[in-house]
Amino acid sequence: MANQATLKYNDQSYELPVVVGTENELALDISTLRDKSGFITLDSGYKNTGATKSAITFLDGELGVLRYRGYPIDQLAEKSTFTEVIYLLLYGSLPTSTELSAFEAKLAANVEVPAQLAKMLDAFPADAHPMAVISSLTTSLSAYYGAEGDFSKEGVDKVAIQLLAKLPTLSSWALRGLAGKQLNVANPSLDYTSNLLSLFFAEDSNYKPDPTIVQALNTLLILHADHEQNCSASTVRMVGSSRANLFASVSAGISALWGPLHGGANQEVIEMLEAIKADGGDTMKYINKAKDKNDGFRLMGFGHRVYKNFDPRARIIKAACDNILSKLGVSDPVLKIAKELEEAALNDPYFVERKLYPNVDFYSGIIYRALGIPVNMFTVMFALGRLPGWISQWKEMIEGKEPIGRPRQVYVGALERDYVAIGDR
Ligand code: ACO
């Protein structure tokens, strides 16, 4: 395979190195293109721009493949625990039982959150969105730990553990604090997922999480744990590339995730399904609205920048959805609407031609709701799942000593003109 590509423009030729990934993906290294030729590249929305080389997650959007550190997502979702997946993403290999116990002990030793931080909750109105609360609390952690930016191996590990150990508590504050409920304290003797449920739902010391709910949540957290250079992960890397500390970088990632075109879609999907139900359940009306270019409506939970085939996570979540609802004895009328929408879209030329399939957010909200999670907490659940991915991406960027992220632009504004005094305009 040639290791150079040639770009021709007028009578000039420019050689560009070809980079080949371990899965034989091909990239043109254009880092010297401007020096050689004066050209920059233009790619709005970074639709075809590789921002980094990464060894964390592989996905093939055409084939619907997703692997963390080489392990297929379906195997991890079926056989692994979320803590094991956190370890895998952070350190690159599945832990031995000794490594896992040591890792869990480190997390357990760092669950405590500065009590003063809870005072911030008083500053939020009761109807504040929980994503606003957790992004603020996350960046506030830098006032206590790691603001100075110790980027040594030990320093990076320390802040990673701090954030992983503390975000469950901060998230539970967003749920319980805004609702005026007593704040719960983390129970380090529980596994990560059971502790999360206990922080969210325990009203007294007798609380025991339902094993069906623990297992369902474990699967959802694993499915959300990383997704290579998506909007929020790229944000974390971009902010971190200025050597901002981990808490500030992840807080920015939480904000990026919040948007309805990204992780905020899980809340939007359930609200859309409820609206369709309230409107009489006419799914075709909404399929037609989504196709109408004069209507701003989009079918939320459908479409993906990278997947042009089934999102493998959506397949797993759809199967889990039926299973979990039946185990919990929950009958949710919007599940039927979701299935009808999916069926209609998958048989409609508009969606087929554009390769629009259900994404990870299409069915996840129905499960979260069955688990007792309020709708405005759905994107927080996504953030909790994605946290190890963000941290691993930030860690990889720091370890690789990547330069500050700073795209270029093609300027299309006014040419030079002289300042005109205000009275003369
Ligand atoms: N409903 C209707 N039409 C859609 C949808 C949708 N959900 N998604 C894409 N399209 C159409 C676009 O209108 C466009 O049509 P055109 O070619 O006629 O102009 C075409 O499909 C391509 O769509 P783009 O917006 O250009 O694709 P892009 O890669 O920029 O966007 C995105 C991907 C943001 C996910 C988009 O599909 C979308 O808005 N989906 C709904 C929101 C959603 O579910 N987001 C969660 C994504 S998963 C995640 O982030 C965790």
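Here the structure is a predicted model, which means the values were calculated and not measured.

Participant: Looking at this structure, I do not really get the packing of helix H8 (residues 211-223) against helix H13 (residues 312-328). What am I missing?
Facilitator: Two packed helices can be described by the angle between their axes and the distance between those axes. Taken N-terminus to C-terminus, the directions of H8 and H13 make an angle of 170°; their axes are 11 Å apart at the nearest point. One way to sum up the angle between H8 and H13 is to call them roughly antiparallel. Of the residues in H13, those touching H8 at Thr212, Ile213, Gln215, Ala216, Leu220 and Leu223 are Arg313, Ile316, Ile317, Ile324, Lys327 and Leu328. Looking at the contact of H8 with H13, its residues break down into eight nonpolar, two polar and two charged.

Participant: I would appreciate a short explanation of the pairing of strand S4 (residues 57-60) in the present structure.
Facilitator: Consecutive residues of a regular strand have side chains that alternate between opposite faces of the sheet. Alternating residues of S4 divide into Thr57 and Leu59 and Phe58 and Asp60, and every residue in both groups is buried. Connecting S4 to the antiparallel partner strand S5 (residues 65-68) that follows it, the hairpin turn spans four residues, and glycine 64 within it adopts a positive phi of roughly 70°.

Participant: Teacher, can you tell me more about the pattern of salt bridges here?
Facilitator: Pairing of side chains with opposite charge becomes possible as their charged atoms draw close. Taken as a whole and assessed by the stated rule, the structure comprises 17 salt bridges. Of the charged contacts in the structure, one is a salt bridge between aspartate 157 and lysine 106, with a shortest N-O distance of 2.8 Å. On the criterion of sequence distance, the pair formed by aspartate 157 in helix H6 (residues 153-178) and lysine 106 in helix H4 (residues 97-109) is long-range, its members being 51 residues apart. A relative accessible area of 16% places aspartate 157 in the buried class. With a shortest N-O distance of 3.4 Å, lysine 277 and glutamate 274 are connected by a salt bridge. You can see lysine 277 and its partner glutamate 274 sitting in helix H11 (residues 265-278), three residues apart, about one turn around the helix. Among the residues examined, glutamate 274 registers a relative accessible area of 25% and is labelled partly exposed. Where salt bridges share partners, they join Glu274, Lys277, Asp332 and Arg369 into one cluster.

Participant: Would you explain the site of the ligand in this entry?
Facilitator: Around the ligand, the structure places 22 residues, and the nearest of them are His262, Arg298, Leu299, Gly301 and Arg305. A distance of 2.8 Å is found between an oxygen atom of the ligand and a backbone nitrogen or oxygen belonging to glycine 301. In this structure, a nitrogen atom belonging to the ligand sits 2.8 Å away from a main-chain N or O atom of phenylalanine 302. Calculation on the ligand without its partners gives an accessible area of 920 Å², and the protein chains cover 78% of this total. Tallied by class, the residues present in the shell around the ligand amount to eleven nonpolar, five polar and six charged.

Participant: Please clarify how the sheet that holds S5 should be interpreted in this entry.
Facilitator: By way of backbone hydrogen bonds, the strands of a sheet pair with one another, either parallel or antiparallel. With antiparallel pairing, three strands are arranged side by side in an open sheet as S4-S5-S6. The open sheet terminates on both sides in strands that have one partner only, identified here as S4 and strand S6 (71-72). Note that S4 and S5 share four bridges and pair antiparallel. Bridge assignment links leucine 59 to a residue of S5, and that residue is leucine 66.

Definitions and cut-offs
Residues numbered from 1 in each chain as written. Predicted model: local features only at pLDDT ≥ 70, side-chain atom pairs only at ≥ 80, totals over all residues. Heavy atoms only, no water. Axes fitted to C-alpha atoms, helices over the stretch in contact; angles between N-to-C directions. Helix = DSSP H or I, 4+ residues; strand = E, 2+ residues; numbered from the N terminus. Parallel < 35°, antiparallel > 145°, perpendicular 65-115°, else oblique. Contact = heavy atoms within 4.5 Å. Nonpolar A, V, L, I, M, F, W, Y, C, P; charged D, E, K, R; others polar. Buried < 20%, exposed > 50% of the residue type's maximum accessible area, 1.4 Å probe, protein only. Pairing = 2+ DSSP bridges. Salt bridge = Lys/Arg side-chain N within 4 Å of Asp/Glu carboxyl O. Near = heavy atom within 4 Å. Polar contact = N/O pair within 3.5 Å; in protein donor to acceptor, adjacent residues only side chain to side chain. Areas by Shrake-Rupley, 256 points an atom, 1.4 Å probe, with all protein chains shown as cover.

Fair warning: the whole summary comes from geometry, so function is off the table for now.
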